[in-house]
Amino acid sequence: MTDDVLLVSVEDGLARITLNRPTRLNAFDETLARRWEAVTAEVVARDDVRAVLVDANGPAFCAGGDVAAMATGGGFGAGGIEALAHVINAGIRSLTESSIPVAVAAQGTTAGGGLGILLTGDYVVVGEGSRIGSIYANMGLTPDLSVTEALSRAIGERRALQLVLTDRLLTSAQALDWGLVAEVVPDADVRTRGEEIARGWISGAARAYGQAKRLIRSRPTRTAVEQLAEEARTIGEAYGTDEAQVRIQAFAAKSAGKTK
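Let's talk about the nonpolar core
Looking at soluble globular proteins, one finds that nonpolar side chains tend to be buried together. Membership of the largest hydrophobic core comes to 47 residues, with the highest contact counts inside it found for Leu19, Trp36, Val52, Val54, Phe61, Ile117 and Leu180. At 6 residues, the largest contribution of residues to this core is made by helix H3 (residues 80-96). Once residues within four sequence positions are removed from consideration, Val52 is found in contact with Leu14, Ala15, Ile17, Val43, Leu95, Ile100, Pro101, Val102, Ala103 and Ala198.

Encoded structure:
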């Protein structure tokens, strides 16, 4: 449905999730929040999905929560903003806790809770004209949607504090320098490049990429000893897959040819 607030398609192993409230800068209200929760859970549960791309329609990627709805006190359903944050968090966790690699293609402005959506990406592409910031405090609000957890892990505590304690919007070059994003491309190429990244995983060892993502994302839940054990278990499991065996044999044959 073209009028749906969140679009989803699955083709050749790629699940594309598109924020589709362009006139509201893809800000979250209750309808978008509940659709986000349902779609992300469905996508990561599918056996035919090998990579995910999150992008958005319109001039901005995501402005966080719908401020207009906040101003009128509507649009957030029973339980208000706190309850809605839990709903959106469920969708964030579906993506970040999965063993499926996620690319994010973010054009224009990303602000507030939009940062949390951007940080679901294991690989983030933005446009040259993109701007990224917190600006929660401008409205007397505190960060949510994983921003205080994921942002400090992505760029370090000191830089995370600089971002959430000011109304600063990083330029695309600054976001790249800080390690918040992986690539900056011309604005018109953001979504195309995001899809190239995701399809690159699919055409390669998608399962191995996904497990590598899972190991890093889930690291804080384990001690160093437990992490080493999980790495050993995972590589042992991977070694027995057809995906690995085909590539190991091809790599060995290519190496042998170089030594002759």
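Examining the sheet that holds strand E7 (residues 131-133)
Across the sheet, 3 strands lie side by side as E5-E7-E8; this open sheet has mixed pairing. Looking along the sheet, the strands with just one partner apiece sit at the ends: strand E5 (109-111) and strand E8 (169-171). Averaged over all neighbouring strand pairs, the angle between strand axes comes to 20 degrees, with direction disregarded. Strand direction decides the pairing type here: E5 and E7, joined by 3 bridges, are parallel. What sits directly across from Thr109, in E7, is Arg131.

Describing the layout of surface pockets
Considering only enclosed or pocket space, the largest pocket measures out at about 830 Å³ in volume. Thr96, Leu119, Asp122, Arg153 and Arg217 are the residues nearest the centre of the largest pocket, which is lined by 34 residues in total. At the level of secondary structure, the elements contributing two or more residues to the lining of the largest pocket comprise H3, helix H4 (114-118), strand E6 (123-127), helix H5 (147-155) and helix H9 (206-217). A total of 6 residues in the lining of the largest pocket trace back to one element, the largest contributor, which is H9. In terms of residue class, the lining of the largest pocket is built from 16 nonpolar, 10 polar and 8 charged. In this structure, the second largest pocket encloses a volume near 360 Å³. Among the secondary structure elements, those contributing two or more residues to the lining of the second largest pocket are helix H2 (67-72) and H3.

Looking at unusual backbone geometry
Backbone geometry at Asn26 places phi at a positive 60 degrees, although glycine is not the residue there. Its relative accessible area of 0% is what places Asn26 among the buried residues. Of note in this structure, Leu145 is not a glycine but carries a positive phi near 55 degrees. The topology assignment puts Leu145 in the loop between E7 and H5.

Looking at the environment of Glu30
By secondary structure assignment, the location of Glu30 is in helix H1 (residues 30-45). In this structure, the C-alpha to C-alpha distance between Glu30 and Asp66, residues 36 residues apart in sequence, is 9.3 Å.

Regarding the pattern of salt bridges
In total, this model carries 22 salt bridges according to the counting rule given. In this structure, Arg193 engages Glu196 in a salt bridge whose closest nitrogen and oxygen atoms are separated by 3.1 Å. Of this pair, Arg193 and Glu196 both sit in helix H8 (residues 190-203), 3 residues apart, which is roughly one turn of that helix. Assessed through its relative accessible area of 45%, Glu196 is described here as partly exposed. Of the charged contacts, one joins Glu237 and Arg207 as a salt bridge, the two residues approaching to 2.6 Å between their closest N and O atoms.

Some thoughts on the packing of H1 against H3
It is at 8 Å that the axes of H1 and H3 come closest, and there the two elements cross at 25 degrees. Classified by the angle their axes make, H1 and H3 are roughly parallel. For H1 against H3, the interelement crossing comes out left-handed. Judged by residue contacts, Glu30, Ala33, Arg34, Trp36, Glu37, Thr40, Ala41 and Val44 of H1 engage Leu84, Val87, Ile88, Ala90, Gly91, Ile92, Ser94 and Leu95 from H3. Counted by class, the contact of H1 with H3 contains 10 nonpolar, 3 polar and 3 charged residues.

Describing the pairing of strand E1 (residues 6-11)
Looking at chain direction, E1 and strand E2 (residues 14-19) are connected through 6 bridges and run antiparallel. From the neighbouring strand, Val10 faces E2, where its bridge partner is Ala15. Connecting E1 to the antiparallel partner E2 that follows it, the hairpin turn spans 2 residues, and Asp12 within it adopts a positive phi of roughly 50 degrees.

Conventions used here
- Residues numbered from 1 in each chain as written.
- Predicted model: local features only at pLDDT ≥ 70, side-chain atom pairs only at ≥ 80, totals over all residues.
- Heavy atoms only, no water.
- Core = buried A, V, L, I, M, F, W, Y, C linked by side-chain atoms within 4.5 Å.
- Buried < 20%, exposed > 50% of the residue type's maximum accessible area, 1.4 Å probe, protein only.
- Helix = DSSP H or I, 4+ residues; strand = E, 2+ residues; numbered from the N terminus.
- Contact = heavy atoms within 4.5 Å.
- Pairing = 2+ DSSP bridges.
- Axes fitted to C-alpha atoms, helices over the stretch in contact; angles between N-to-C directions.
- 1 Å grid on protein atoms, 1.4 Å probe; cavity = no way out; pocket = protein on both sides within 12 Å on 5 of 7 lines; lining within 4 Å.
- Points joined across faces, edges and corners; volume = space filled by probe spheres on them.
- Nonpolar A, V, L, I, M, F, W, Y, C, P; charged D, E, K, R; others polar.
- Salt bridge = Lys/Arg side-chain N within 4 Å of Asp/Glu carboxyl O.
- Parallel < 35°, antiparallel > 145°, perpendicular 65-115°, else oblique.
- Left-handed = near helix turned anticlockwise from the far one by under 90°.

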